There are 2 protein chains.
Amino acid sequence: MDLTRLAQVLRQDCTVEPQQRLVLGFSGGPDSLALLHALHSIGQPLVVAHLDHGLRAESAGEAQAAGKTAASLGLLFCSERVDVAALAKERKHSLEEAAREARYRFLFRVAGQQKAAAVAVAHTADDQAETLLMHLLRGAGPAGLRGMAMRSLPNSWSSEIALVRPLLGFWRQEVLDYCAAHNLHPVMDASNLDTTFFRNRLRHELLPLLENQAPGFKARLAQTADLLRGDQALIDALVEEAWRHCLAQEGEGFVRLDRSCLMREPLALQRGALRRAFSVLRPEQRELDYVAVQRAIDLFQNAANTAPADWFAGLCLHVEGDKLWIADWQTELPVDWPQAPEPETHLEIPIELNLNAGWRLTIRATKERNADANGEAGALGMADPFQVKLDAHATDGDLVLRRRKAGDRFQPLGMAEGSMKLSDFMINEKMPLRARDAWPLICRGDKIVWVPGYRLAHPFRLQAGSRPTLLLRLER
Amino acid sequence: MDLTRLAQVLRQDCTVEPQQRLVLGFSGGPDSLALLHALHSIGQPLVVAHLDHGLRAESAGEAQAAGKTAASLGLLFCSERVDVAALAKERKHSLEEAAREARYRFLFRVAGQQKAAAVAVAHTADDQAETLLMHLLRGAGPAGLRGMAMRSLPNSWSSEIALVRPLLGFWRQEVLDYCAAHNLHPVMDASNLDTTFFRNRLRHELLPLLENQAPGFKARLAQTADLLRGDQALIDALVEEAWRHCLAQEGEGFVRLDRSCLMREPLALQRGALRRAFSVLRPEQRELDYVAVQRAIDLFQNAANTAPADWFAGLCLHVEGDKLWIADWQTELPVDWPQAPEPETHLEIPIELNLNAGWRLTIRATKERNADANGEAGALGMADPFQVKLDAHATDGDLVLRRRKAGDRFQPLGMAEGSMKLSDFMINEKMPLRARDAWPLICRGDKIVWVPGYRLAHPFRLQAGSRPTLLLRLER
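The rules behind these values
- Here, residues in each chain are numbered from 1, in the same order as that chain's written sequence.
- Naming scheme: in the order in which they are written, chains are lettered from A and ligands are numbered from 1.
- In keeping with the predicted nature of the model, local features appear solely for residues at pLDDT of at least 70, side-chain atom pairs appear and are counted solely at 80 or more, and the whole-chain, interface and lining totals rest on all residues.
- Side-chain numbers here rest on the full set of heavy atoms in the structure, without hydrogens or water.
- The numbering of helices and of strands both runs from the N terminus, where a helix is a DSSP run of H or I of at least 4 residues and a strand a run of E of at least 2.
- In this description the radius of gyration comes from C-alpha coordinates, and the expected globular size is given by 2.2 Å times residues to the power 0.38.
- Throughout this description, buried means an accessible area under 20% of the type-specific maximum (1.4 Å probe, protein chains only), exposed means over 50%, and partly exposed covers the range between.
- Whether two residues touch is decided by their heavy atoms; if any such pair falls within 4.5 Å, the residues are in contact.
- Residue exposure ignores everything except the shown protein chains as possible cover, and the areas themselves are Shrake-Rupley values with a 1.4 Å probe.
- In this tally, Lys and Arg are treated as positive and Asp and Glu as negative; His is ignored, and so are the chain termini.
- Positions of charges follow a simple convention, taking NZ of Lys, CZ of Arg, CG of Asp or CD of Glu.
- Residues are said to line a cavity or pocket when one of their atoms sits within 4 Å of a point; the points come from a 1 Å grid over protein atoms alone, cavities being sets where a 1.4 Å probe fits but cannot get out and pockets being open sets with protein on both sides within 12 Å along at least five of seven lines.
- Grid points are joined across faces, edges and corners, and a volume is the space filled by probe spheres set on the points.
- Polar here means any residue other than Ala, Val, Leu, Ile, Met, Phe, Trp, Tyr, Cys and Pro, which are nonpolar, and Asp, Glu, Lys and Arg, which are charged; Gly is therefore polar.
- Two strands qualify as a pair provided DSSP detects at least 2 bridges between them.
- Here an angle of 0 to 180 degrees is reported between the N-to-C directions of two axes, which are lines fitted to C-alpha atoms, with helices fitted over the stretch in contact.
- To estimate the expected span of a helix, count its residues, drop one, and scale the result by 1.5 Å.
- Think of a salt bridge as a Lys or Arg side-chain nitrogen and an Asp or Glu carboxyl oxygen that are within 4 Å of each other.
- Superposing the copies works by least squares over the C-alpha atoms of residues that have pLDDT at least 70 in both of them.
- Put simply, angles under 35 degrees are roughly parallel, angles over 145 are roughly antiparallel, angles from 65 to 115 are roughly perpendicular, and the rest are oblique.
- Counted as a polar contact is a pair of N or O atoms within 3.5 Å, where, for protein atoms, one must be capable of donating a hydrogen and the other of accepting one, and residues adjacent in sequence contribute only when both atoms are in side chains.
- Side-chain rings of Phe, Tyr and Trp, where Trp is taken by its six-membered ring, are said to pair if the distance between their centres is within 6.5 Å; with planes under 30 degrees apart they count as stacked, over 60 as edge-to-face, and otherwise as tilted.
- Definition used: whenever NZ (Lys) or CZ (Arg) falls within 6 Å of the ring centre and also within 35 degrees of the ring normal, the charge is taken to sit over that ring.

### With respect to the overall build of chain A
Point 1. Across its full length, chain A holds 17 helices and 22 strands.
Point 2. Relative to its length of 476 residues, chain A is extended, with a C-alpha radius of gyration of 34 Å against a globular reference of 23 Å.
Point 3. In terms of its C-alpha atoms, chain A occupies a principal-axis envelope of roughly 105 × 45 × 40 Å.
Point 4. Looking at chain A residue by residue over its 476 residues, the buried ones come to 50%.
Point 5. For chain A, restricting intrachain contacts to residue pairs at least 6 apart in sequence, the fraction spanning at least 24 positions comes to 66%.
Point 6. Summed over its atoms, the accessible surface of chain A is roughly 21800 Å², and 49% of this surface lies on carbon and sulfur atoms.
Point 7. Here chain A carries 57 positive and 60 negative side-chain charges, and the mean point of each set is 2 Å from the other.

Written out as structure tokens, the structure is:
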């Protein structure tokens, strides 16, 4: 472990300046002891921080020994004891997770108090290789394969204090050699808490085996991780951009993405946006299942209208035209379309009637027939589909506003004879499922005159000859 | 191996239409036998193609058996025998590489002749997992980890005929079960050629071990590869864009990248552009070494002028200001700056003198002193640094054009007293190394009057009072 190289890594990769204070997470094990000694040797200002996890009988003695080591170098020492076992029980975490969480919280709290620029931890290249192989075996995806970074800012614990890992480019053997050369005496069991059963098996069985089968494997794994980190940093930035483009609405328990916008993004960013949505709705969960991502992509690419479909972790997916909803099953999604009140309302013309969500229905007589782009064109959706002119004679002035009923039929403009089921018309027009039951219908008796937003009925269209005309408009 | 699922994969993932003809690479082994039988069962038009690699005594018999299988299904059969051993020797490839190359060439040739839409090969999910783990162990980087695709077009063999792998989502065991269920009798050794010693060890030792340690590992590895394929497709497209932005010049044995442009790109695209440059200059080599990429990035980020430095595979890197050259060591890089001829040239004023690369020196008397933005401002580089006005009296009309000599000193404009070594001046001004020896200098006797492109000498500057003025200009 060469001090010149360490200093260079610290300046260039960790971007720590010579006068900046570091809080060093110090267990007393070989890695953190070597890092403490080496950082002190190159004159970096240091505070030594030790968390007693209270899991083993010897831990209090180890904390004392850690304090002595710090004192022998004339360094400030901060220590604290937590009951990790109780924390783990309370939060339903594994011991390892709870210890990790408590440790980093402690280190960053000390760093804040001591006005340190960064927290330094002593992960080595071996830890990196183990982490990568573990993620690979457990299937954490490309994001997991990037491994640990020399410098993380922002990180999970702070947006101002960096987390740096200056030993990430050094192998464990180099660290042990350094300890031996400088007559340092690490606590050999101190770091065992970090090593779960699975990680221990990786370290002592799998990695040596793979290294033996393909010499240089560990080093190449670290290189692969470094390349992936670069790729992922770029993709993260692009996902953030795609997310901003595609996020249409965000509320309590739901997000709405613009489906057309999402479909124009490349696959990698579609996946990223879905993971982003998941992290917004389920911040406490780490990873979104691969299969769930694929299912979501299949859904929004292949269906323009779906009933809410089960997604992952209690969330549902729901496509309504250009709207892709991702929501808690319990969440009532917002409605932004017009709905008819119950029971049916007789419409005295002229009329102005307030509906839900800021929608208002107005009907009045008019003399203009083709003064603007409305009328038949509008009824066909060629201009504003929420405005229409129709033949007042045909309606006989006797109009009601109501919701659909079983057996409703409709003769849309352009269908010269016969009629179709209203439900089929709604399906053909891809009206959102949630909107259908209460969609406002303008009717004369049993006959549907106008389906606002979609189509006028054929018999009520304006025809040649100047007859009285009604202007109907629905607006927000 | 479910035929409905296979048909779906074929349509959706391989994008092969029901009426499109496929050429199936058929060894007679279980994978290709099952694929042949299954594709035939779902009614896909097929041509069966078999390459006899001529490496084993039984291979001629196997080719015959393959023909019989095809005939029994009423399918067209194309077969050929090549001497793979001779090919490998000739091209200095391994047997496996030579066989693979010969096989795909044959399959795509048949596909062209038979007007097939695609070549189908029978790689399974197990082959995918093995390939990925092999790449991971050997360190092929993120590009290697993406593994094989269900559909590749363009591919290494064609830009029109796709390569499809419909079995990539099925495990070998499913294939074997299919063969058993349909009473198919594969040639069990036929595919052994594909399996090198290393791959065999992966298949029979490492993968089972890893699967045992982390159940589901193989499946997750395939998922990771799928995610990486998506990420890499995006990154490839961005690299292509960055390459177009940053490529300034391309010639026999060299490329020149715009260094400022490259430095503005994110790390992942810098790496990609370097790999792209490498593939242009060394198309026959597959992978650029990780360390070589890092070295190149360190070089162009930290030095504005370098001597040519060794890179990789007989290439060198060379930074000249905004120019990053990547070139064969043997290649003479283009020169686009002015150079002085030898021996020195006496300049009779007025003069027009043609130099190298389209450069021309003109000197004439002028009466304007400050008519435009030239003059002192220009000499200081504030306008065109290749144009200057100076005091004709001071020069005495006695000017020469020459290259630098040992011991040359220079008193740049703004240095009121003393002088500096011309070589130091050139270093300070970051003049490209290659340009220094023959850079054109305008001198009076031993005194340097003007270093075109950089600075006028202080004693020759225009001063108060109207004195005769010379206009010197170097232009292309």
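### Regarding empty space enclosed by the protein
Point 1. Tallied over the full model, the rule gives three cavities of 30 Å³ or more.
Point 2. Empty space within the largest cavity amounts to approximately 50 Å³.
Point 3. Looking at the largest cavity, the residues that line it are Leu136 and Leu145 of chain A together with Leu132, Leu136, Leu145, Leu221, Thr224, Ala225 and Leu228 of chain B.
Point 4. Counting only elements with at least two residues in the lining of the largest cavity, the list comes to α6 (125-138) and α10 (217-246) of chain B.
Point 5. With four residues, the top contributor of residues to the lining of the largest cavity is α10 of chain B.
Point 6. Here the lining of the largest cavity is composed, by residue class, of eight nonpolar, one polar and no charged.
Point 7. Taken together, Leu132, Leu145, Leu221, Thr224, Ala225 and Leu228 of chain A together with Leu136 of chain B form the lining of the second largest cavity.
Point 8. In terms of residue count, helix α10 (residues 217-246) of chain A provides more of the lining of the second largest cavity than any other element does, four residues in total.
Point 9. Residue composition of the lining of the second largest cavity, by class: six nonpolar, one polar and no charged.

### Some words on the environment of Arg201 of chain A
Point 1. Note on placement: Arg201 of chain A falls in helix α9 (residues 197-213).
Point 2. A C-alpha to C-alpha distance of 9.9 Å links Arg201 of chain A and Glu130 of chain A, two positions 71 residues apart in sequence.
Point 3. Those residues in contact with Arg201 of chain A that lie beyond four places of it in its chain are Leu206 of chain A together with Gln213 of chain B.

### Section: the sheet that holds strand β4 (residues 118-120) of chain A
All names here are of chain A.
Point 1. Taken in spatial order, the six strands make up an open sheet running β3-β2-β1-β4-β6-β5, and their pairing is mixed. Only two strands of the sheet have a single neighbouring strand rather than two, namely β3 (76-81) and β5 (151-152).
Point 2. Bridge count between strand β1 (residues 22-25) and strand β2 (residues 46-52): four bridges; the pairing is parallel. The residue bridging Leu24 from the neighbouring strand is Val48, located in β2.
Point 3. Against the sheet, helix α5 (residues 95-113) touches β1, β2, β3, β4 and β6 (162-164), its axis set at about 150° to β2.

### Focus on helix α12 (residues 267-281) of chain B
Point 1. Given a rise of 1.5 Å per residue, 15 residues ought to cover 21 Å, and the 21 Å separating the end C-alpha atoms of α12 of chain B matches this to within 8%.
Point 2. Among the residues of α12 of chain B, those classed as buried are Ala268, Leu269, Gln270, Arg271, Gly272, Ala273, Leu274, Ala277, Phe278 and Leu281 of chain B.

### Thoughts on the interface of chain B and chain A
Point 1. Chain B puts 36 residues into the contact, and the matching count from chain A is 36 residues.
Point 2. Inspection of the chain B/chain A interface yields two salt bridges.
Point 3. With a closest N to O distance of 2.9 Å, Asp226 of chain A and Arg271 of chain B form a salt bridge.
Point 4. Looking at the side of chain B that touches chain A, the elements that each hand over two or more residues are α6, α7 (141-145), α9 (197-213), α10, α12 and α13 (290-302) of chain B.
Point 5. Taken together, the residues that form the side of chain B that touches chain A break down as 21 nonpolar, eight polar and seven charged.

### Digging into the relation of the copies chain B and chain A
Each of the two copies of the chain can be brought onto the other by a rotation about an axis and a shift along it.
Point 1. Superposing chain B onto chain A takes a rotation of 180° combined with a translation of 0.2 Å along the rotation axis, leaving an RMSD of 0.3 Å. The transformation relating the two chain copies, once decomposed into turn and shift, fits a two-fold axis.
Point 2. With an isologous cut-off of 70% or more, the 100% of interface residues of chain B that recur at the interface of chain A puts this contact in the isologous class.

### Considerations on the sheet that holds strand β4 (residues 118-120) of chain B
Residue and element names in this part refer to chain B.
Point 1. Read from one edge of the open sheet, six strands run β3-β2-β1-β4-β6-β5, paired in mixed fashion. One side of each edge strand has no neighbouring strand; the edge strands of this open sheet are β3 (76-81) and β5 (151-152).
Point 2. In terms of strand pairing, strand β2 (residues 46-52) meets β3 through six bridges, oriented parallel. Its bridge partner being in β3, His50 is matched across the sheet by Ser79.
Point 3. Running at roughly 155° to strand β1 (residues 22-25), helix α2 (residues 30-41) makes contact with β1 and β2 of the sheet.

### Things to note about helix α6 (residues 125-138) of chain A
Think of an α-helix as turning once every 3.6 residues; residues three or four places apart then point the same way.
Residues and elements named next belong to chain A.
Point 1. Taking 1.5 Å as the rise per residue, α6 with 14 residues should run 20 Å; its terminal C-alpha atoms sit 20 Å apart, in good agreement.
Point 2. Burial analysis of α6 places twelve of its 14 residues in the buried class, the great majority of the element.
Point 3. Within the span of α6, buried status applies to Ala125, Asp126, Asp127, Gln128, Ala129, Glu130, Thr131, Leu132, Leu133, Met134, Leu136 and Leu137.
Point 4. A positive phi of about 80° marks Gly139, the residue just after α6.

### Some points on the environment of Asp83 of chain A
Residues and elements named next belong to chain A.
Point 1. Position of Asp83 among the secondary structure elements: in the loop between β3 and α4 (84-91).
Point 2. Of the residues examined, Asp83 reaches a relative accessible area of 46% and is grouped as partly exposed.
Point 3. Linking Asp83 and Asp52, residues 31 residues apart in sequence, is a C-alpha distance of 8.6 Å.

### Comments concerning the packing of α6 of chain B against α10 of chain B
All names here are of chain B.
Point 1. Between α6 and α10, the least distance of the axes is 9 Å, while the angle of their chain directions is 70°. Considering the angle they form, α6 stands roughly perpendicular to α10. Contacts from Asp126, Gln128, Ala129, Leu132 and Leu133 in α6 reach Phe217, Lys218, Leu221, Ala222, Ala225 and Arg229 in α10.
Point 2. Within the contact of α6 with α10, the residues separate by chemical class into seven nonpolar, one polar and three charged.

### Let's talk about the side chain of Thr331 of chain B
Point 1. Tracing the chain through its elements places Thr331 of chain B in the loop between β11 (323-328) and β12 (345-347).
Point 2. In this structure the side chain of Thr331 of chain B is engaged in a polar contact, spanning 3.3 Å, whose partner is the backbone oxygen of Gly253 of chain B.

### A look at the pairing of strand β20 (residues 447-451) of chain B
Residues and elements named next belong to chain B.
Point 1. Among the five residues in β20, four count as buried, and that is most of the element.
Point 2. Relative to β20, strand β19 (residues 441-444) runs antiparallel, the two sharing three bridges. Of the residues in β20, the one forming a bridge with Arg444 is Lys447.
Point 3. Two strands pair when backbone bridges link them, and β20 and strand β21 (residues 455-456) are joined in this way by two bridges, in the antiparallel orientation. Bridge assignment links Trp450 to a residue of β21, and that residue is Leu456.

### Things to note about the pattern of salt bridges
All names here are of chain A.
Point 1. Summed over all chains, the structure comprises 45 salt bridges over all chains.
Point 2. Of the charged contacts, one joins Glu80 and Arg109 as a salt bridge, the two residues approaching to 2.4 Å between their closest N and O atoms. With Glu80 in strand β3 and Arg109 in helix α5, this residue pair connects regions lying 29 residues apart in the sequence.
Point 3. Connected via shared salt-bridge partners are Asp127, Glu130, Arg172 and Arg203.

### Here we look at the environment of Asn354 of chain B
Point 1. Structurally, Asn354 of chain B can be placed in strand β13 (residues 351-354).
Point 2. When near neighbours in sequence (up to four residues on either side) are disregarded, Asn354 of chain B contacts Trp359 and Arg360 of chain B.

### Quick notes on the packing of aromatic side chains
In this description, a pair of aromatic rings is defined by centroid distance and the angle of the planes.
All names here are of chain A.
Point 1. Per the counting criterion, the structure on display carries 16 aromatic pairs over all chains.
Point 2. Between Phe278 and Trp311, the aromatic rings sit 6.2 Å apart at their centres with planes inclined by 90°, giving edge-to-face as the arrangement. Of the two residues, Phe278 is situated in helix α12 (residues 267-281) and Trp311 in the loop between β9 (309-310) and β10 (315-320); the sequence distance between them amounts to 33 residues.
Point 3. Taken together through their ring pairs, the aromatic side chains of Tyr104, Phe108 and Trp157 make up a single cluster.
Point 4. Taking NZ or CZ as reference, Arg256 lies 5.5 Å from the ring centre of Trp325, over its face.

### Re the pairing of strand β16 (residues 399-402) of chain A
Residue and element names in this part refer to chain A.
Point 1. Here β16 shows two buried faces, one formed by Leu399 and Leu401 and the other by Val400 and Arg402.
Point 2. As paired strands, strand β12 (residues 345-347) and β16 are joined by three bridges and run antiparallel to one another. By the bridge assignment for β16, Thr345 is matched with Leu401.
Point 3. As paired strands, β16 and strand β19 (residues 441-444) are joined by three bridges and run antiparallel to one another.

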